[in-house]
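Commentary on secondary and tertiary structure
Spelled out, the chains give:
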Amino acid sequence: GDSVTQMEGPVTLSEEAFLTINCTYTATGYPSLFWYVQYPGEGLQLLLKATKADDKGSNKGFEATYRKETTSFHLEKGSVQVSDSAVYFCALSDWPSGNQFYFGTGTSLTVIP
Amino acid sequence: DAGVIQSPRHEVTEMGQEVTLRCKPISGHDYLFWYRQTMMRGLELLIYFNNNVPIDDSGMPEDRFSAKMPNASFSTLKIQPSEPRDSAVYFCASRPTGDNEQFFGPGTRLTVL
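Only a predicted model underlies this, so the values are computations on that prediction, with no experimental measurement involved.

Let us now look at the pattern of salt bridges. The full count for this structure, using the stated rule, is 13 salt bridges over all chains. Put simply, Glu63(A) and Lys56(A) hold a salt bridge, and the shortest N to O gap is 3.6 Å. As a salt-bridge pair, Glu62(B) and Arg85(B) come within 3.3 Å of each other at their nearest N and O atoms. With a gap of 23 residues between them, Glu62(B) in the loop between β6 (53-56) and β7 (65-71) and Arg85(B) in the loop between β8 (74-79) and β9 (88-95) connect regions that are remote in the sequence.

Set out below in structure tokens:
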């Protein structure tokens, strides 16, 4: 079945460092891919998404490219800030063939000044 | 739009008590999802509804858990009787027909003593 494998955390970076969080997926069809962010004490918020191969999602300085050949959707940011400290979830949607989301285990990021 | 609304935000109860969690989806969204988040198991889909009808409840852990959606603007997740291993954060999410993005509520943190 469909699944998402996400880089284990936690990740600790200094402010202005480069961030990469790896995400790979397994899917039988043509999924859409997402990154959600969860700040402490809050629900998940959509960070970015891509709906087909070679699409690049971007938001708030974060980017991820849908790579079908490597079945990957790695999250990157060139210069992290303390305010980026959160848990990041990679997710896959099998819509319209299905209605479920498949989430990765989450990667906790802490950015220190 | 107010987003997905969940209540209560925090619930502390004793083992054996009945617990009811509530969710109001975003107006016009036809799909509603209940998730449970724990450190050990991450995000798990418990059940989802389409147009108030339960579609897939295979994630409901056992008969102690039940969910209803009496109308388009309200859903409940009930645990009776509650056990300490039910302690988790429970999220509700909604999604419109024709789109694959899920919108999450802030969650209910349940502690069963």
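Still more ground to cover, so stick around.
What follows concerns the state of the cysteines. Using the criterion set out here, one finds two disulfides over all chains in the structure. Between Cys23(A) and Cys90(A) runs a disulfide, and the two sulfur atoms are separated by 1.9 Å. Residues Cys23(A) and Cys90(A) share a disulfide whose torsion about the S-S bond is about -70 degrees; that sign makes it left-handed. Residue Cys23(A) is found in strand β4 (residues 23-26), and its partner Cys90(A) is found in strand β10 (residues 86-93); the two are separated by 67 residues along the sequence. We note that Cys23(A), like Cys90(A), is buried. Linked covalently through their sulfurs, Cys23(B) and Cys92(B) form a disulfide whose S-S length is 1.8 Å. Given an S-S torsion of about -65 degrees, the disulfide between Cys23(B) and Cys92(B) has left-handed geometry. Within this pair, whereas Cys23(B) is found in strand β3 (residues 19-24), its partner Cys92(B) is found in strand β9, the two being separated by 69 residues in sequence. Accessibility expressed as a relative area gives 2% for Cys23(B), which makes it buried. With a relative accessible area of 0%, Cys92(B) lands in the buried category.

Residues and elements named next belong to chain B. The strand order across the open sheet formed by four strands is β1-β3-β8-β7, and the pairing between neighbours is antiparallel. Only two strands of the sheet have a single neighbouring strand rather than two, namely β1 (5-7) and β7. Between one strand axis and the next, the sheet turns through 15 degrees on average, direction left out of account. Where β1 and β3 come together, three bridges link them in antiparallel fashion. Opposite Ser 7, over in β3, you have Arg 22 as the bridge partner.

So, about the pairing of β6(B). Residues and elements named next belong to chain B. Across three bridges, strand β5 (residues 42-50) lies against β6 in antiparallel orientation. What sits directly across from Tyr 48, in β6, is Asp 56. The hairpin turn running from β5 into β6, its antiparallel successor, is two residues long, and Asn 51 in that turn takes a positive phi close to 50 degrees.

With that out of the way, let us pick up the environment of Thr70(A). Residue and element names in this part refer to chain A. Inspection of the secondary structure assignment puts Thr 70 in the loop between β8 (62-65) and β9 (75-77). Given the relative accessible area of 45%, Thr 70 is considered partly exposed. Remark: the alpha-carbon pair of Thr 70 and Gly 29, spanning 41 residues in sequence, is separated by 15 Å. At 2.8 Å, the side chain of Thr 70 forms a polar contact with the side chain of Ser 72.

On the chain A side, the residues contacting the 19 residues of chain B number 17 residues. Together, the buried faces of chain B and chain A total about 1600 Å²; carbon and sulfur atoms form 51% of this surface. Together, Leu43(B), Asn100(B) and Phe104(B) form the three largest contributors to the area buried by chain B at its contact with chain A, with a combined 35%. Across the contact surface, chain B and chain A share two salt bridges. Between Lys49(A) and Glu101(B) there is a salt bridge, with the nearest N and O atoms lying 4.0 Å from each other. Going through the elements one at a time, β4 (31-38), β5 and β9 of chain B are the ones with two or more residues in the side of chain B that touches chain A. The element that contributes the greatest number of residues to the side of chain B that touches chain A is β4(B), accounting for four residues. When its residues are assigned to classes, the side of chain B that touches chain A shows nine nonpolar, five polar and five charged.

The rules behind these values
- Residues numbered from 1 in each chain as written.
- Chains lettered and ligands numbered in written order.
- Predicted model: local features only at pLDDT ≥ 70, side-chain atom pairs only at ≥ 80, totals over all residues.
- Heavy atoms only, no water.
- Salt bridge = Lys/Arg side-chain N within 4 Å of Asp/Glu carboxyl O.
- Helix = DSSP H or I, 4+ residues; strand = E, 2+ residues; numbered from the N terminus.
- Disulfide = S-S within 2.5 Å.
- Buried < 20%, exposed > 50% of the residue type's maximum accessible area, 1.4 Å probe, protein only.
- Pairing = 2+ DSSP bridges.
- Axes fitted to C-alpha atoms, helices over the stretch in contact; angles between N-to-C directions.
- Polar contact = N/O pair within 3.5 Å; in protein donor to acceptor, adjacent residues only side chain to side chain.
- Contact = heavy atoms within 4.5 Å.
- Buried area = accessible area lost by both parts, 1.4 Å probe.
- Nonpolar A, V, L, I, M, F, W, Y, C, P; charged D, E, K, R; others polar.

By themselves, these are just geometric observations and shouldn't be taken as functional.
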